[in-house]
There are 2 protein chains.
Amino acid sequence: MTPGRTTVALEDPGYPPLRGSFLAAGAKVSAVPVDAEGLAVDRLPSQTRVICVTPSHQFPLGSVMSARRRGDLLDFAQARGAVVIEDDYDGEFRFGDRPLDALQTLDRAACVFYVGTFSKSLLPGIRLAYIVAPPWARPALVAAKALADGHCCTFIQDTLAALLAEGHLARHVRKMQRIYAGRRERLLDCLKSDCAEWLDPIPSAAGLHIAAVSRKVVDDVALVAEARKLGVRVHALGAHYVRRPVKRGLLFGYGAIEENAIAEGLRRLRRVLRLVNTRL
Amino acid sequence: MTPGRTTVALEDPGYPPLRGSFLAAGAKVSAVPVDAEGLAVDRLPSQTRVICVTPSHQFPLGSVMSARRRGDLLDFAQARGAVVIEDDYDGEFRFGDRPLDALQTLDRAACVFYVGTFSKSLLPGIRLAYIVAPPWARPALVAAKALADGHCCTFIQDTLAALLAEGHLARHVRKMQRIYAGRRERLLDCLKSDCAEWLDPIPSAAGLHIAAVSRKVVDDVALVAEARKLGVRVHALGAHYVRRPVKRGLLFGYGAIEENAIAEGLRRLRRVLRLVNTRL
């Protein structure tokens, strides 16, 4: 990437640190809206050369990119000579039907970089992730990694390699899938019973968080601050937009909360929601 | 740093990957000669904004930057508004007199970034290092780290923190200091007894390697390749220059060789040196 020249398209709403990293690298960053089918491909600037998407579980909305939109995106990339970074950050955990084919599976132009991580499937502290890249890009990626930090911690890499080789990670994912499914169900039940008046969960079939859209226009950042005072940690959907937020609401992570703590959290949140909505 | 604009001065000879990292970041990189007193401050381009030096143990030559040169360098930095990155990569291991004051100790303009690492004092696989930065630069450094990779592996950081808190690292360094001193003495003895005809060690008082200058102009890169065939791993001094090499010779690391393997290594190297010098 030539600093200062490459146009990079990011989903809006999206993952804020990603924008910072591309800006720091000198890229021109374009925030492209996300609709019910995923990234609005027809809103991509024509000079876009890098497109970052989260098709299996849009971050933060949680929705899945439709099959049609996947085709449109690959057509755009092929026609314009752009590359697609397919960030499948938590696709190991699925709660619905068979997933759609990954962009990389559908890719006929060798333009998709599939990115995975062990942050969700195992734990974030190990700082290990991977890229499945088109063959033409591998030498450049290896060189970039060498210049960035040489290599990752060898002890953690060796430990992870043993964990993978002995099948422990696959077993861990299967076990956690059951546990996360229980938490997710409990969370959706509580949202329905306690918060339906104010929050509407966005359907999703994967991952470790659920987004719920606020039925009224509220300051979701202020709402999050109020919730925190009661010991409830949620995130503001509005804080994940670069342009003016299209949706306001809350993100609920269930990767690090015990199933039996969810109901109490939602009861407290209900008090905050009632208060904030009364003020309107 | 504004990509493509900042002039960064690096020592020549120096550490080749450093140049690659700055070039990848879009900097204009200037290779500045090193003489017997250290970086030739009078050869710094006037527009230099970042100066990287290894004053306690020049890499790769092994020499120490003189007190006078340290003063000159700080005067330059202060006058030009430049920052100095003082890379003390292996200064924990000292074999001579009391060291000169670090540039950062002498710094009155808050322009020196002191960089240390656990790669040499402990082991490189943990990938942990640190920067002692002027207060004005800390928020930017914290932000840059967050954008680069979020954070380092938490488990390795916790383990290292415990090791430090319990005094184990200090004990480890004291123990290794004795072991490295033995290897270093043996290496210098063998260089004198077996290779004095061809190689002249550069005096140094710290670190985990010694550079020895070739008395005749030889292709040190080819010499290294020949040595490797006999199972001897050394590095070419000439490969560490960006401009035409001023010195040719070999680098001998003693961080990872047993003391009693050194003599045999040098005997084999002697055969290669005799062969290569006969060909001249």
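The coordinates are above.
A few points on the structure.

Quick notes on the rules
- Residues numbered from 1 in each chain as written.
- Chains lettered and ligands numbered in written order.
- Predicted model: local features only at pLDDT ≥ 70, side-chain atom pairs only at ≥ 80, totals over all residues.
- Heavy atoms only, no water.
- Least-squares fit on C-alpha atoms with pLDDT ≥ 70 in both.
- Contact = heavy atoms within 4.5 Å.
- Helix = DSSP H or I, 4+ residues; strand = E, 2+ residues; numbered from the N terminus.
- Buried < 20%, exposed > 50% of the residue type's maximum accessible area, 1.4 Å probe, protein only.
- Expected span 1.5 Å × (residues − 1).
- Patch = residues over 30% accessible without salt bridge, like charges linked within 9 Å, V, L, I, M, F, W, Y side chains within 5 Å.
- Areas by Shrake-Rupley, 256 points an atom, 1.4 Å probe, with all protein chains shown as cover.
- Salt bridge = Lys/Arg side-chain N within 4 Å of Asp/Glu carboxyl O.
- Lys, Arg positive; Asp, Glu negative; His and termini not counted.
- Charge placed at Lys NZ, Arg CZ, Asp CG, Glu CD.
- Phe/Tyr/Trp six-rings, centres within 6.5 Å; stacked < 30°, edge-to-face > 60°.

## Details of the relation of the copies chain A and chain B
Then, number 1: After a rotation of 180° and a shift along the axis of 0.0 Å, chain A superposes on chain B with an RMSD of 0.0 Å. The superposition operator between the copies reduces to a two-fold rotation axis.
Then, number 2: Interface residue correspondence from chain A to chain B reaches 100%, placing this contact among same-surface, isologous pairings.

## Describing unusual backbone geometry
Then, number 1: The omega angle of the peptide bond from Asp12 of chain B to Pro13 of chain B is 10°, so this bond is cis rather than trans.
Then, number 2: Turning to its location among the elements, Pro13 of chain B is positioned in the loop between β1 (7-12) and α1 (16-24).
Then, number 3: Pro60 of chain B follows Phe59 of chain B through a cis peptide bond whose omega is 10°.
Then, number 4: Of note in this structure, Arg127 of chain A is not a glycine but carries a positive phi near 55°.

## Focus: the environment of Ala146 of chain B
Residue and element names in this part refer to chain B.
Then, number 1: Tracing the chain through its elements places Ala146 in helix α5 (residues 138-149).
Then, number 2: Relative accessible area serves as the criterion here: at 43%, Ala146 is assigned to the partly exposed category.
Then, number 3: Taking the C-alpha atoms as reference points, Ala146 and Ala40, separated by 106 residues in sequence, lie 35 Å from one another.

## Observations concerning helix α6 (residues 154-165) of chain A
Then, number 1: In this model α6 of chain A runs 16 Å from its N-terminal to its C-terminal C-alpha over twelve residues, within 8% of the 16 Å that 1.5 Å per residue would give.
Then, number 2: Directly beyond the C-terminal end of α6 of chain A, a positive phi value near 80° is found at Gly167 of chain A.

## Some points on a positive patch on the surface
All names here are of chain A.
Then, number 1: On the surface, Arg171, Arg174, Lys175 and Arg178 cluster together to form a positively charged patch.
Then, number 2: Along the chain, the position of Arg178 falls in helix α7 (residues 168-195).
Then, number 3: Overall, Arg178 belongs to the exposed group, its relative accessible area being 60%.

## Let's talk about the packing of aromatic side chains
Then, number 1: Applying the stated criterion across every chain, the model contains twelve aromatic pairs over all chains.
Then, number 2: For the ring pair Phe95 of chain B and Tyr254 of chain B, a centre distance of 6.4 Å and an interplane angle of 65° mean the geometry is edge-to-face. Of this pair, Phe95 of chain B sits in the loop between β5 (83-87) and α3 (103-106) while Tyr254 of chain B is found in the loop between β11 (249-253) and α9 (262-279), placing the two residues 159 residues apart along the sequence.
Then, number 3: You can call Phe95 of chain B partly exposed: its relative accessible area is 22%.
Then, number 4: Each member of the aromatic cluster is reached from another via a ring pair, and the members are Tyr15, Phe59 and Tyr89 of chain A.

## So, the pattern of salt bridges
Residue and element names in this part refer to chain A.
Then, number 1: Overall, the coordinates contain 21 salt bridges over all chains when judged by the stated rule.
Then, number 2: A salt bridge links Asp200 to Arg215; the nearest nitrogen and oxygen atoms lie 3.8 Å apart. With a gap of 15 residues between them, Asp200 in strand β8 (residues 199-201) and Arg215 in the loop between β9 (209-214) and α8 (220-229) connect regions that are remote in the sequence.
Then, number 3: Note on Asp200: relative accessible area 36%, which makes it partly exposed.
Then, number 4: The exposure class of Arg215 is partly exposed, given its relative accessible area of 49%.

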